[in-house]
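In case you want the letters, here they are:
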Amino acid sequence: MKMVFLRHGESAYNRLGRCNSDPALPVPLTEEGRAQADRAADRLRAQPIARIYVSRLQRAQETAAIVNLHHGAEIIVDARLDDRRTGFEGESVTDYLQAMSAAPDPFTWKAPGGESYREMVVRVHGFLDDLARSEAPCVLVVSHHEPIQAVAGRFRALSLFQMWQVWLDNGESLVFGDSV
């Protein structure tokens, strides 16, 4: 199976530098985010995408819908693909990163109402375990920066620190599995 993991296009909160992991809070793509999703759709046009998995967050769902205009694939929403619950909902990403880096073990630290980086990795790896049982020859997964770090960590056998170093810009993708 070929698996394409796509980070959503730029959202209004990306532009403002704010955290968002609550699917009930509408945070749409910006004009640039829609353009990034269009460019991703063009790059993926020739891929035989049979199924699209997407997080519950609006920015990921909008990105998936734009890419799916070329495929008409089944879309499956899976909460395990949601962005990490930081405990800093609507607050500054900089403040969240500073709090995390100040912890004795940043990968097990979590703010009230949040989840640790390690917990997020376990959640995403559970999704990957289930995905491995899929019979689709090519799937697209539209998610967020930290969950895609966890994906890279699984397929590249990275430590938590090494995962944290993986960077994808909005609208960028990683591909794993058999080529088609």
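The paragraphs below set out a description of the structure included in this document. In this text the structure is predicted, and so the values were computed from the model without any measurement. (Residues numbered from 1 in each chain as written. Predicted model: local features only at pLDDT ≥ 70, side-chain atom pairs only at ≥ 80, totals over all residues. Heavy atoms only, no water.)

A separate point is unusual backbone geometry. Glycine aside, the phi torsion of most residues is negative, and most peptide linkages are trans. The backbone of Ala157 sits at a positive phi, close to 55 degrees, despite the residue not being glycine. For Ala157, the position within the fold is in the loop between helix H6 (145-156) and helix H7 (160-164). Residue classification places Ala157 among the exposed residues on the basis of a relative accessible area of 67%. (Helix = DSSP H or I, 4+ residues; strand = E, 2+ residues; numbered from the N terminus. Buried < 20%, exposed > 50% of the residue type's maximum accessible area, 1.4 Å probe, protein only.)

Turning our eyes to something else, we now look at the pattern of salt bridges. Tallying each qualifying case throughout the model produces 14 salt bridges. For Arg59, the salt bridge identified is with Asp83, shortest N-O distance 3.0 Å. Here Asp83 lies in the loop between strand E3 (74-77) and helix H4 (93-102) and Arg59 lies in helix H3 (residues 58-68), a separation of 24 residues in the sequence. For the pair Arg59 and Asp83, one class covers both residues: buried. Arg123 is paired through a salt bridge with Glu115; the nearest N and O atoms lie 2.5 Å apart. Beyond isolated ion pairs, a larger network of salt bridges with shared partners links Asp78, Arg80, Asp130 and Arg133. (Salt bridge = Lys/Arg side-chain N within 4 Å of Asp/Glu carboxyl O.)

Turning next to the sheet that holds E3. Strand order in the open sheet formed by 5 strands is E3-E2-E4-E1-E5, and the pairing between neighbours is mixed. The two strands at the open ends of the sheet, each matched to only one other strand, are E3 and strand E5 (173-177). Neighbour-to-neighbour, the strand axes of the sheet open up by a mean angle of 20 degrees, direction not taken into account. In terms of strand pairing, strand E2 (residues 51-54) meets strand E4 (residues 138-143) through 4 bridges, oriented parallel. Within the sheet, the bridge partner assigned to Tyr53 lies in E4 and is Val141. (Pairing = 2+ DSSP bridges. Axes fitted to C-alpha atoms, helices over the stretch in contact; angles between N-to-C directions.)

Our next topic: the packing of helix H2 (residues 31-44) against H3. Viewed as axis vectors pointing N to C, H2 and H3 meet at an angle of 40 degrees, and their least axial separation amounts to 8 Å. Classed by the angle they form, the pair H2 and H3 counts as oblique. Note that H2 runs across H3; the crossing there is right-handed. Contacts from Arg34, Ala37, Asp38, Ala40, Ala41 and Leu44 of H2 reach H3 at Thr63, Ile66 and Val67. Class assignment of the residues belonging to the contact of H2 with H3 gives a composition of 6 nonpolar, 1 polar and 2 charged. (Parallel < 35°, antiparallel > 145°, perpendicular 65-115°, else oblique. Left-handed = near helix turned anticlockwise from the far one by under 90°. Contact = heavy atoms within 4.5 Å. Nonpolar A, V, L, I, M, F, W, Y, C, P; charged D, E, K, R; others polar.)

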